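Structural overview for review
Single-letter residue listing:
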Amino acid sequence: MEQVRTGKSVRLHYDQKLADLRAQLKDLGGICRRMLETIERVLAENTDISTYAFASAEREAAIRVRSIDRLCSLLILRQQPVSKDLRLITVATRVSTDLGRIAHLCLDLSKTLERISTDEFVRDLLNMCVLTEKQFAAAMRSVMELSENQDGDIERLDDQIDYLYGKIKTRLIRDNTESAQAVELLMAAKYLERIADHCVMIADDLKNPLSEKDR
């Protein structure tokens, strides 16, 4: 009887740690979502951007990534996880890495937007950002539900974002634009395109959480 009580107590503590893991993953996603929302607002309203606030958010995200990584290691070492628990732990490890990189890309994007002084291509950048936000929201829903992206909306949104990135790049090349502003515009579009790529990686993490792939 005592062994049964001990076993239940261990499992209860383990379940609490798993719940903490989910909460930390959700919080990390929230940091990235707020960064993307701020970027959209800056592009839509043509307002100044605070790179200091983005740097602070990126540091907070990095702390979350390290905390999630430690917690995942602890969960694996403390008890042999059953398949469902192992899936959550593995997904959390991989997704947190992608989210950390998304936060860093948002920081780089904020610095680039601070240097852009032209309104050219802002509409295309805004459209890219709106699509990326939708893609990110779909990816995080899949993460929190531990479900695959069955309808393929993440990939479809990625195709649209790639199209807009190509549109900006093609026009800059066609116009033979070599100004500093052109470089900044292209980099801003590239950062959004890379964020979209990480959303696709998150979707892939849910399909094949135990597979090895280039990150």
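Reading the values: the criteria
Residues numbered from 1 in each chain as written. Predicted model: local features only at pLDDT ≥ 70, side-chain atom pairs only at ≥ 80, totals over all residues. Heavy atoms only, no water. Helix = DSSP H or I, 4+ residues; strand = E, 2+ residues; numbered from the N terminus. Expected span 1.5 Å × (residues − 1). Buried < 20%, exposed > 50% of the residue type's maximum accessible area, 1.4 Å probe, protein only. Core = buried A, V, L, I, M, F, W, Y, C linked by side-chain atoms within 4.5 Å. Contact = heavy atoms within 4.5 Å. Axes fitted to C-alpha atoms, helices over the stretch in contact; angles between N-to-C directions. Parallel < 35°, antiparallel > 145°, perpendicular 65-115°, else oblique. Nonpolar A, V, L, I, M, F, W, Y, C, P; charged D, E, K, R; others polar. Salt bridge = Lys/Arg side-chain N within 4 Å of Asp/Glu carboxyl O. Arc of directions from axis to C-beta. 1 Å grid on protein atoms, 1.4 Å probe; cavity = no way out; pocket = protein on both sides within 12 Å on 5 of 7 lines; lining within 4 Å. Points joined across faces, edges and corners; volume = space filled by probe spheres on them. pLDDT = per-residue confidence, 0-100. Polar contact = N/O pair within 3.5 Å; in protein donor to acceptor, adjacent residues only side chain to side chain.

With respect to unusual backbone geometry
Residues other than glycine seldom take positive phi values, yet Asn-46 does so here, at roughly 55°. With respect to the helices and strands, the residue Asn-46 is situated in the loop between helix 1 (2-45) and helix 2 (51-78). Positive phi, normally seen in glycine, also occurs at Leu-146, with a value near 50°.

A look at helix 2
Relative to the 40 Å expected for 28 residues at 1.5 Å per residue, helix 2 spans 40 Å between its end C-alpha atoms, a close match to the ideal helical length. Those residues of helix 2 that fall on the buried side of the exposure criterion are Thr-51, Phe-54, Ala-55, Ala-57, Glu-58, Ala-61, Val-65, Ser-67, Ile-68, Leu-71, Cys-72 and Leu-75.

Quick look at the nonpolar core
Judged by nonpolar contacts, the single largest core of 69 residues is most densely connected at Leu-21, Leu-99 and Ile-102. Mapped by element, the contributors of at least two residues to this core are helix 1, helix 2, helix 3 (83-115), helix 4 (122-145), helix 5 (153-174) and helix 6 (180-207). Not counting chain neighbours up to four residues away, the residues in contact with Leu-21 comprise Ile-68, Leu-71, Cys-72, Leu-75, Leu-88, Ile-89 and Ala-92.

Description of the packing of helix 3 against helix 6
For the pair helix 3 and helix 6, the least separation of the axes is 9 Å and the interaxial angle reads 170°. Judged by the inter-axis angle, helix 3 sits roughly antiparallel to helix 6. For the contact of helix 3 with helix 6, the per-class residue count stands at 17 nonpolar, 3 polar and 9 charged.

Considering the side chain of Gln-24
Tracing the backbone through its elements, the reader meets Gln-24 in helix 1. The class of Gln-24 is buried, set by a relative accessible area of 9%.

Some details on the pattern of salt bridges
In total, this model carries 8 salt bridges according to the counting rule given. Across the pair Lys-167 and Asp-124 runs a salt bridge, and its minimum N-O distance is 3.5 Å. On the criterion of sequence distance, the pair formed by Lys-167 in helix 5 and Asp-124 in helix 4 is long-range, its members being 43 residues apart. For Lys-167, a relative accessible area of 40% translates into the label partly exposed. Close ionic contact of Glu-193 with Lys-190 constitutes a salt bridge, the shortest N to O distance being 3.1 Å. Note that Glu-193 and Lys-190 are positioned in helix 6 at a spacing of 3 residues, about one turn of the helix.

Some thoughts on helix 5
The end-to-end C-alpha distance of helix 5 is 31 Å, a good match for the 32 Å that 22 residues give at a rise of 1.5 Å each. For helix 5, the complete set of buried residues consists of Asp-153, Ile-154, Leu-157, Asp-158, Ile-161, Leu-164, Tyr-165, Ile-168 and Leu-172. Around the axis of helix 5, the buried residues are gathered within 140° of arc, so they sit on the same side. Helix 5 presents Asp-159, Tyr-163, Thr-170, Ile-173 and Arg-174 as exposed residues on the side facing more than 90 degrees away from its buried surface. Tucked inside the fold, the buried residues of helix 5 contact helix 4 and helix 6.

What about the layout of surface pockets?
There is about 270 Å³ of room inside the largest pocket. If you trace the largest pocket, you find 13 residues lining it, with Val-42, Asn-46, Thr-47, Leu-113 and Ile-116 closest to the centre. If you list the elements that add at least two residues to the lining of the largest pocket, you get helix 1 and helix 3. Tallied by class, the residues present in the lining of the largest pocket amount to 6 nonpolar, 4 polar and 3 charged. Of all the secondary-structure elements, those providing two or more residues to the lining of the second largest pocket are helix 1 and helix 4. No other element matches the 6 residues that helix 1 contributes to the lining of the second largest pocket. Each residue belonging to the lining of the second largest pocket can be placed in one class, and the counts come to 5 nonpolar, 2 polar and 4 charged.

Overview of the confidence of the model for the chain
Mean pLDDT over the chain works out to 88, with 89% of the residues at or above the 70 mark. Looking over the chain, one finds the lowest element-wise mean pLDDT in helix 1, namely 85, and the highest in helix 2, namely 95.

Description of the environment of Arg-22
Looking at the element boundaries, Arg-22 is found in helix 1. Polar contacts involving the side chain of Arg-22 include one to the main-chain carbonyl oxygen of Met-144, which spans 3.2 Å.

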